[in-house]
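# Survey of secondary and tertiary structure
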Amino acid sequence: MKTSLNCLLCGVGGQGTVLASKLIAQSAMDQGQQARTAETIGMAQRGGCVVSHVRVGQVVHSPLIPLGQADLLIGFEPAEAVRCLPYLKEGGTVVVAAKAIQPVTASLGGMDYRAETMLDYLKAHVEKLVVVDGDAICEACGSSRVLNVALLGAAIASGALGVTLSQMEETIAQRVHPRFLELNRKALQLGAGSV
Amino acid sequence: MAKRLVMGNEAIALGAIRAGVGLVAGYPGTPSTEILETAARENPGDLYVEWSVNEKAALEVAAGAAYAGMRTMVTMKQVGLNVASDPLMSLAYVGVKGGMVVVVADDPGPISSQTEQDTRHFASFSKLPVFDPSSPEEAYEMIGAAFALSEAHGTPVLFRPTTRVCHACASIEISEERQKIQPEGFIKDPKWGIFPRLSYLNHLHIEKRNPMIGEEFSHSPYNRILPGEGKLGIVSGGISWAYTCEAMSLLDVSPRCLKVGTPFPFPESLALEFLNGLDQVLVVEELDPVLERELVYLCGKHHLPVTIWGKLTGDMPQAGENTVESVKKALANFLGLSLAEQPAPALPQLPVRPPVLCAGCPHRASFYAVKQAMKGQKAIFCGDIGCYTLGNAQPLDMVDTCLCMGADVTIAQGLYRAEPGVKTFSFIGDSTFFASGITGVVNAVYNEHDLTLIVLDNATTAMTGHQPHPGTGKTMMGAISRKISIPDVLKAIGVQSVVTVDPLDLAAAVQAVQEAAAQPGVTAVIFRSPCIAVTKPAPLFKVESDKCIGCRKCIRELGCPAIVMDGKKAAVEPSLCYGCSLCAQVCPVGAIVREEEKA
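Being a predicted model, the structure only gives us computed values, none of them experimental. (Residues numbered from 1 in each chain as written. Chains lettered and ligands numbered in written order. Predicted model: local features only at pLDDT ≥ 70, side-chain atom pairs only at ≥ 80, totals over all residues. Heavy atoms only, no water.)

## Overview of the overall build of chain A
A count of helices and strands for chain A gives 8 helices and 6 strands. Taking 195 residues into account, the globule formula puts the C-alpha radius of gyration at 16 Å, and chain A, at 16 Å, falls close to it. Dimensions of chain A, computed from C-alpha atoms along their principal axes, come out at roughly 50 × 35 × 35 Å. Expressed as a percentage of the 195 residues in chain A, the buried residues total 59%. Looking at chain A alone, contacts between residues at least 24 apart form 63% of all its contacts between residues at least 6 apart. In the form shown here, chain A has an accessible surface area of approximately 7400 Å², with 50% of it arising from carbon and sulfur atoms. Distance from the positive charge centre (16 side chains) to the negative charge centre (16 side chains) of chain A: 6 Å. (Helix = DSSP H or I, 4+ residues; strand = E, 2+ residues; numbered from the N terminus. Rg over C-alpha atoms; globule rule 2.2 N^0.38 Å. Buried < 20%, exposed > 50% of the residue type's maximum accessible area, 1.4 Å probe, protein only. Contact = heavy atoms within 4.5 Å. Areas by Shrake-Rupley, 256 points an atom, 1.4 Å probe, with all protein chains shown as cover. Lys, Arg positive; Asp, Glu negative; His and termini not counted. Charge placed at Lys NZ, Arg CZ, Asp CG, Glu CD.)

Here you go:
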């Protein structure tokens, strides 16, 4: 594990950002690091924007990552990744799921946006960008609930998370019900394969 | 002792267990909920934990046990203390025998609350000491100190974390030890009955005691001076202290600092030591300028030539959360440093994404049924606190008023008296009904108001993460208790007509509302359908695109997040659909059908 890491996870309530941030923090702790996280819990969880902050290292005061300080941004949804881009430091890595989740307000107002517009913006502004076809991985795993672990796999393979796949597998094994272990292992590997 | 990744709320519960707490009672409310849930989950075996019916009940249950010498903890969110303030104000005079800590979580922002009220004011108002942790680690240690102080002075003590402490996780060494507290039992004494003469004497005692606690706090490890250079100093506390440390490190400055962990009674002698030799002080805090006013007062009292910067002088924001960025900016301004202007990146237009009712949420069906039933008639819809507050959003637009827990029932009665010709509806969730709805219904029946009560019974306390309540028949001790029936309660009160219907049966639901609304007096419709988060999804629905005429009625009228337009046709997003069937009942051409059940 790197001696210091600021990782921001963002998405839409219900996508599993909280578990992913816990896994990153726990994995860092399993490698002997200190970790700090902050979560969005409460009303925003109902389909609103959610952001998790994970900070690893000895001297970390604030649970929230300051703007421009994130080494890694994991976007569970393209528009949310763009929204949180000001957190990314220069030269930082972005791992993003390709599929847009249209908010009801957009569908109602006929203001649907295209995922491509958001991904194009990311491509133009981020040097180290990994786009993950989360739908394909979820389909291959037979579960719509493994996007979070697939994105972790991609983040690890990008080298920006500072843990190995086998270290993350061990952490997952401690936190996830044995029944879902194989499923998560597969999602992690497929996610890593998208880099 | 291994380090664990522990959430602030978990740290508070684990610290209380270590301190020998024997009873924990509370009512769910973001950001406080996980404290009590952790106490129940980590129960060492001799701990009693309950979700009380509301915060007032929780505080009184805990006070009773503390009268008998037990260490007790009460948990709630900031607005919950408004409900519990009646017993709290009097308990401050009566006192306790066992240590009693009232944990009240504040929510700067607010992120998930009705108000930005500051519990530190409640501390000075009720004359009770208050602890204000700045991190999960500190909360873990501090809660033990709060119990010790409570017991030493025979007074309840407030403990006020904020959202960013409650919902932050940190690496903490958790001790396996647990202090052994043997409650002495209740000893009869006139001191347990509050009377005017006793209150007068106790008031004198409290006014004498508090400056002594303030002096004690001047030597507390939770209040400290960080030495630094120059004539400019910083005062902070709570999570703002963490932001201040981070901002100082980013700016590479080290002015003299005072970190305050016990805002009331204010540690005056420590603050005087800090102020000595300074010209100007910046106060960094969230919510109200509590530390700032204490310092202004202290400077006046001691004729100190120190200027205090903060919210009162317009140098710090008066509402909302602090951030490292906002503190860094204020700090740079205060210290006369110039900050390199960060050009704000030009982002493409982003969708607004307010929270919404989940796909498949039965509340959507309930609101829609009432809306259909009252089409073309004048009606006012009074809402309440819970997931169903989200019924306010377009296209449902079914929450005309929302004030506080239980107010839907009684606001509607006032509206009816002001405008008798307009039909009034009250929407209340099952947990809110038990917490503070019943007295409102009694009021309606007794005073002969005209009202249709809609109970949204999803068999859980959904918004705060699915806690049991009196209607669920489950307790936090794992026991199965007798379910309290909402229809039986309403009938017993004397509500004329009480009908229970499944909101996902649209035609039956609309008819039930029409019939209830047509009757005079107090009538009730109970929409019973469990929260989707605690049930398995039914077989999903799909749009047969050759049948879909692209009229968008499903989107326009329901606003379900699982339905989107795919070109000119509607489409159901399978990862979000729960199979509630409402869209299929609304589609004018029968284009939305249930998928074949998978074997």
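Next, the rest of the story.
## Some thoughts on the side chain of T464 of chain B
Residue and element names in this part refer to chain B. Looking at the secondary structure, you find T464 in the loop between β16 (451-457) and α16 (486-493). Within the structure, T464 has its side chain in polar contact with the side chain of Q467 (distance 2.5 Å). Beyond its immediate sequence surroundings of up to four residues, T464 is in contact with P28, G29, T30 and T33. (Polar contact = N/O pair within 3.5 Å; in protein donor to acceptor, adjacent residues only side chain to side chain.)

## Description of the interface of chain B and chain A
Between chain B and chain A, the residue contacts involve 56 residues of the former and 50 residues of the latter. Interface area, chain B with chain A, both sides summed: about 4400 Å², of which 61% is carbon and sulfur. On the surface where chain B and chain A come into contact, there are 5 salt bridges. Salt-bridge contacts for E77 of chain A lead to R353 of chain B; the nearest nitrogen and oxygen are separated by 3.3 Å. Those elements giving two or more residues to the side of chain B that touches chain A turn out to be β1 (3-7), α6 (136-153), β8 (168-173), α9 (239-251), α12 (324-335), α18 (553-558) and β20 (563-566) of chain B. Element by element, the count of residues in the side of chain B that touches chain A is highest for α9 of chain B, at 6 residues. Pairing of strand β2 (residues 35-38) of chain A with β8 of chain B, which is carried by 3 bridges, proceeds in the antiparallel orientation. Among the inter-strand pairings, T37 of chain A is bridged to a residue of β8 of chain B, identified as C169 of chain B. (Buried area = accessible area lost by both parts, 1.4 Å probe. Salt bridge = Lys/Arg side-chain N within 4 Å of Asp/Glu carboxyl O. Pairing = 2+ DSSP bridges.)

## A look at a nonpolar patch on the surface
All names here are of chain B. The grouping of Y200, L201 and L204 at the surface amounts to a nonpolar patch, some 300 Å² of accessible area in total. As for its placement among the helices and strands, Y200 is situated in helix α8 (residues 196-217). Residue classification places Y200 among the partly exposed positions, given a relative accessible area of 46%. (Patch = residues over 30% accessible without salt bridge, like charges linked within 9 Å, V, L, I, M, F, W, Y side chains within 5 Å.)

## Observations concerning the sheet that holds strand β6 (residues 128-132) of chain A
In spatial order, the strands read β6(A)-β5(A)-β4(A)-β1(A)-β3(A)-β2(A)-β8(B)-β1(B); together these 8 strands make up an open sheet with mixed pairing. The outermost strands of the open sheet, each flanked by one partner alone, are β6 of chain A together with β1 of chain B. With strand direction ignored, the average angle separating the axes of adjacent strands in the sheet is 20 degrees. The strands that helix α4 (residues 115-125) of chain A touches are β5 (88-97) and β6 of chain A; relative to β6 of chain A, the one it contacts most, it runs at about 155 degrees. Relative to β8 of chain B, α6 of chain B is tilted by about 60 degrees, and along the sheet it contacts β2 of chain A together with β1 and β8 of chain B. (Axes fitted to C-alpha atoms, helices over the stretch in contact; angles between N-to-C directions.)

## Describing the packing of aromatic side chains
All names here are of chain B. With the rule as written, the count across this model stands at 10 aromatic pairs over all chains. Each ring, one from F122 and one from F125, has its centre 6.0 Å from the other, and the planes form 55 degrees; the classification is tilted. Taken together, the residues span about one helical turn, with F122 and F125 both in helix α5 (residues 119-126) at a distance of 3 residues. Judged by its relative accessible area of 13%, F122 falls in the buried class. A relative accessible area of 55% means that F125 is categorised as exposed. Plain terms: the ring middles of F131 and F217 are 5.6 Å apart, the flat faces sit at 75 degrees to each other, and that makes the pair edge-to-face. Residue F131 is found in strand β6 (residues 130-131), and its partner F217 is found in helix α8; the two are separated by 86 residues along the sequence. Taking the relative accessible area as the measure of exposure, F131 reaches 2% and is therefore buried. (Phe/Tyr/Trp six-rings, centres within 6.5 Å; stacked < 30°, edge-to-face > 60°.)

## Observations regarding α9 of chain B
All names here are of chain B. Taking 1.5 Å of rise per residue, the 13 residues of α9 would be expected to cover 18 Å, and the 19 Å separating its terminal C-alpha atoms lies within 8% of that figure. Taking burial as the measure, the 13 residues of α9 include 11 buried ones, the bulk of the element. Those residues of α9 that sit buried are I239, S240, W241, A242, Y243, T244, C245, E246, A247, M248 and L251. Of the residues trailing α9, D252 is marked for its positive phi of about 55 degrees. (Expected span 1.5 Å × (residues − 1).)

## Considering the state of the cysteines
Residue and element names in this part refer to chain B. Evaluated as defined, the whole model comprises 0 disulfides over all chains. The closest cysteine sulfur to the non-disulfide-bonded C361 is located on C358, 6.2 Å from its own sulfur. Judged by relative accessible area, which is 10%, C361 ranks as buried. Among the cysteines around C554, which has no disulfide bond, C551 carries the closest sulfur, lying 6.4 Å off. C554 gets classed as buried once you look at its relative accessible area, which sits at 8%. (Disulfide = S-S within 2.5 Å.)

## Quick notes on the packing of helix α4 (residues 78-94) of chain B against α5 of chain B
When two helices pack together, their arrangement is given by the angle between their axes and by how far apart the axes lie. Residues and elements named next belong to chain B. Contact geometry for α4 and α5: axes closest at 11 Å, N-to-C directions at 15 degrees. In terms of axis orientation, α4 runs roughly parallel to α5. Viewed along their axes, α4 and α5 form a crossing whose handedness is right-handed. Within the contact between the two elements, α4 uses Q78, L81, N82, S85, L88, M89 and A92 and α5 uses T119, F122, F125 and S126. Among the residues making up the contact of α4 with α5, the classes are represented as 6 nonpolar, 5 polar and no charged. (Parallel < 35°, antiparallel > 145°, perpendicular 65-115°, else oblique. Left-handed = near helix turned anticlockwise from the far one by under 90°. Nonpolar A, V, L, I, M, F, W, Y, C, P; charged D, E, K, R; others polar.)

## Brief notes about the pairing of strand β11 (residues 255-259) of chain B
Within a regular strand, the side chains alternate between the two sheet faces. Residues and elements named next belong to chain B. Where burial is concerned, most of β11 is hidden: 5 out of the 5 residues are buried. Relative to β11, strand β9 (residues 224-226) runs antiparallel, the two being bridged by 3 bridges. Its bridge partner lying in β11, L226 is registered against C257. Alignment of strand β10 (residues 229-236) against β11, held across 5 bridges, turns out to be parallel. Bridged to V235 within β11 is L258. Crossover connection from β10 via α9 to parallel β11: handedness right-handed. (Right-handed = clockwise from strand over helix to strand, strands pointing away.)

## A few points about the domain arrangement of chain B
Examined at the domain level, chain B breaks down into domain 1 (3-217), domain 2 (224-335), domain 3 (362-534) and domain 4 (541-594). One C-alpha centre belongs to domain 1 of chain B, the other to domain 4 of chain B; they are set 49 Å apart. (Domains from an automatic or database assignment.)

## Description of the sheet that holds strand β5 (residues 100-105) of chain B
Adjacent strands of a sheet pair through backbone hydrogen bonds, lying either parallel or antiparallel. Residues and elements named next belong to chain B. If you trace the 6 strands from one edge of the open sheet to the other, you get β3-β2-β4-β5-β7-β6, paired in parallel fashion. The open sheet has two edge strands, β3 (48-51) and β6, and neither has a second partner. Note: strand β4 (residues 72-77) against β5, 6 bridges, orientation parallel. When the sheet's bridge partners are listed, M73 is paired in β5 with V101.

## Some details on the pairing of β20 of chain B
All names here are of chain B. Relative to strand β21 (residues 569-572), β20 runs antiparallel, the two being bridged by 4 bridges. Each bridged residue has a counterpart across the sheet, and for M565 the counterpart in β21 is A570. Hairpin connection between β20 and β21: a loop of 2 residues separates the two successive antiparallel strands, and G567 in this loop has a positive phi of roughly 70 degrees.

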